[in-house]
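Structural features, examined
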Amino acid sequence: RRKRLVEEQKAHITLRAQGHGQYMEIGDQKQFFEEIKIAPAAVVHFYRSSTMRCQIADKHMERCAKKYVECRFVKVNAEKFPFVCERLNIWALPSILLFKKGITQHHIVGFNDFGDKDDFSDEL
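Points about the pairing of strand 5 (residues 103-109)
When strand 4 (residues 95-100) meets strand 5, the two strands line up antiparallel, connected through 6 bridges. Looking across to strand 5, one finds that L98 is bridged to H106. Where strand 4 folds back onto strand 5 in an antiparallel hairpin, the turn is made up of 2 residues, including K101, whose phi is positive at roughly 50°.

Notes on the side chain of K75
For K75, the position within the fold is in strand 3 (residues 72-77). Among residues more than four places away in sequence, those in contact with K75 are Y23, M24, E25, I26, H45, Y47 and D58.

Re the sheet that holds strand 2 (residues 41-47)
An order of 1-3-2-4-5 is seen for the 5 strands of this open sheet, with the pairing classed as mixed. On the outer flanks of this sheet lie strand 1 (23-25) and strand 5, each paired with one strand and no other. Averaged over neighbouring strand pairs, the angle between their axes works out to 25° when direction is ignored. Along the sheet, helix 2 (residues 29-38) contacts strand 1, strand 2, strand 3 and strand 4; its crossing angle with strand 2, the most-contacted strand, is approximately 150°.

Describing the pattern of salt bridges
Under the counting rule described, the total for this entry stands at 2 salt bridges. Residue R72 pairs with E35 through a salt bridge whose shortest N-O separation is 3.0 Å. In this pair, R72 is assigned in strand 3 and E35 in helix 2, connecting sequence segments 37 residues apart. Look at R72 and you get buried, because its relative accessible area is 2%. Linking D58 and K75 is a salt bridge whose minimum nitrogen-to-oxygen distance equals 3.4 Å. Linking D58 in helix 3 (residues 52-67) with K75 in strand 3, this pair joins segments that are 17 residues apart in sequence. What makes K75 buried here is its relative accessible area of 18%.

Basis of the calculations
- Counting restarts for each chain, with residues numbered from 1 along the sequence as it is written.
- Where local features are concerned, this predicted model is filtered to residues with pLDDT of at least 70; where side-chain atom pairs are given and counted, the filter is 80 or more; whole-chain, interface and lining totals use all residues.
- Just so you know, side-chain values use all the structure's heavy atoms and leave hydrogens and water out.
- When DSSP locates at least two bridges between a pair of strands, those strands are taken to pair.
- Helix and strand labels come from DSSP, where a helix needs a run of H or I of at least four residues and a strand needs a run of E of at least two; each type is numbered from the N terminus.
- By the convention used here, residues are in contact when the closest approach between their heavy atoms is within 4.5 Å.
- To get an axis, fit a line to the C-alpha atoms, keeping to the stretch in contact for a helix; angles then go from 0 to 180 degrees between the N-to-C directions.
- Definition used for salt bridges: Asp or Glu carboxyl oxygen within 4 Å of a side-chain nitrogen of Lys or Arg.
- A simple rule labels every residue: compare its accessible area, found with a 1.4 Å probe on the protein chains alone, to the largest value its type can have, and call it buried under 20%, exposed over 50%, or partly exposed in between.

Here's what the structure looks like:
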């Protein structure tokens, strides 16, 4: 049991060194593809700063990034990434994509999957 706990702690430290546990903005398309490729799991928030619901989603993503370190949380300004948005079929904002080992697993458009409410829970 102790050996397993030590291994989990080492994995946790490695993930934190890769940026897990924090919510950050991706600067360019190359960085986007690199982040998605190396992360075992990732949540990507496509946003526009002038959209109110994107600001609400940011607050939730910020809390989740700290809580779920095993998953990488990042945001992408959709206006600066037209190629990525087109390729991933981002047509409404906010859009949240869930990736596992670089492959899209789920696409959340707006707050539909959260009961269409602004004050949804961050819990699993």
